[in-house]
Amino acid sequence: PLANIREVMRDGNINRFVLLNGLYNFGQTNFFSFLTLFMREVALVSQPLASLSVGIAQAASAVARIGWGVVSDTVFGGRRKGLTVGLGAVAVVGLSAMTIVGPGPGVTLGLGLALLLGLTIASFAPLMQTLSVESTEPRLAGSSMGYNMLGTHIGGMIGPPVFGAMVDATGGYGSGWLVTAGAVAIGVALLAFGFRERER
């Protein structure tokens, strides 16, 4: 019963993909975990407005998860890698820009970044899941997907404690956002230069 998963785990290309997917999810989990608290404590907005920022991100993600799939099927002819690299690169910029959000005019920037990150780091999952299925032979698709999800959840488990530790150590959220941006940037580099998309 374990023959298929052993075969998948011996594939270096898939191993790199599992790692980079964990790094992307490190970013997504931190974004959703800390956005409301960040808007309350740094941008000094009301609880309803802080909650609105999450609503904006979730609404953008709901549309983008469908939209990016359609774009990859049509504009990119079924190729997913380039689009996922682009989403990750824009997310790195957006996560880094969270460091300049503050009260007053900075609130508008915070809401705008919630929208941008909702369209990018919050919306990559369907593309990654499709890539995980397409990166191996059809008979191994289920094993590849399961292995990929292991990386996803490891990234989600590690991200928030690391973010919180950075906030506690420095007394501010900026270091947490920059560490998150750095993790996603490594994931983007691995996807761009270390992962081979399977020929269609």
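Residues numbered from 1 in each chain as written. Predicted model: local features only at pLDDT ≥ 70, side-chain atom pairs only at ≥ 80, totals over all residues. Heavy atoms only, no water.

Here's the deal with unusual backbone geometry
Note the following rule: Each helix corresponds to a stretch of at least 4 residues labelled H or I by DSSP, and each strand to a stretch of at least 2 residues labelled E; elements are numbered beginning at the N terminus.
The phi angle at leucine 44 is positive, at roughly 60°, despite the residue not being glycine. Inspection of the secondary structure assignment puts leucine 44 in the loop between α2 (12-41) and α3 (47-74).

Quick look at α3
Keep this limit in mind: One less than the number of residues in a helix, times 1.5 Å, gives the span that helix is expected to have. In this analysis the local bend is the angle between axes fitted, respectively, to the seven residues ending at and the seven residues starting at the residue. Three labels apply to residues, based on accessible area from a 1.4 Å probe with only protein chains included: buried if under 20% of the type maximum, exposed if over 50%, partly exposed otherwise in between. Contacts are residue-level and defined by heavy atoms, with any inter-residue pair within 4.5 Å sufficient.
Taking 1.5 Å of rise per residue, 28 residues should cover 40 Å, and α3 covers 40 Å from first to last C-alpha, within 8% of that figure. Taken as a whole, α3 carries its principal kink of about 30° at alanine 64. Ala50, Ser53, Val54, Ala57, Ala60, Ser61, Ala64 and Ser72 are the residues of α3 that are buried. Buried residues along α3 sit against α2, α4 (81-97), α5 (105-119) and α6 (125-134).

Some thoughts on the packing of aromatic side chains
As a reminder, the rule being used: Only rings of Phe, Tyr and Trp enter the pairing, Trp through its six-membered ring, and a pair is recorded when the two centres are within 6.5 Å. The plane angle decides the type: under 30 degrees is stacked, over 60 is edge-to-face, the rest tilted.
This structure, assessed with the given rule, holds 8 aromatic pairs. Measuring from centroid to centroid gives 5.1 Å for phenylalanine 31 and phenylalanine 32, while their planes differ by 45°, and the two rings are tilted. Overall, the relative accessible area of 0% leaves phenylalanine 31 in the buried class. Taking the centre distance of 4.9 Å and the plane angle of 80° together, the rings of phenylalanine 163 and tryptophan 177 count as edge-to-face. Here phenylalanine 163 is found in helix α7 (residues 141-170), whereas its partner tryptophan 177 is found in helix α8 (residues 174-194), with 14 residues between them in sequence. The same class applies to phenylalanine 163 as to tryptophan 177, namely buried. Ring pairing ties together the aromatic residues Phe34, Phe38, Phe163, Tyr173 and Trp177, which thus form one cluster.

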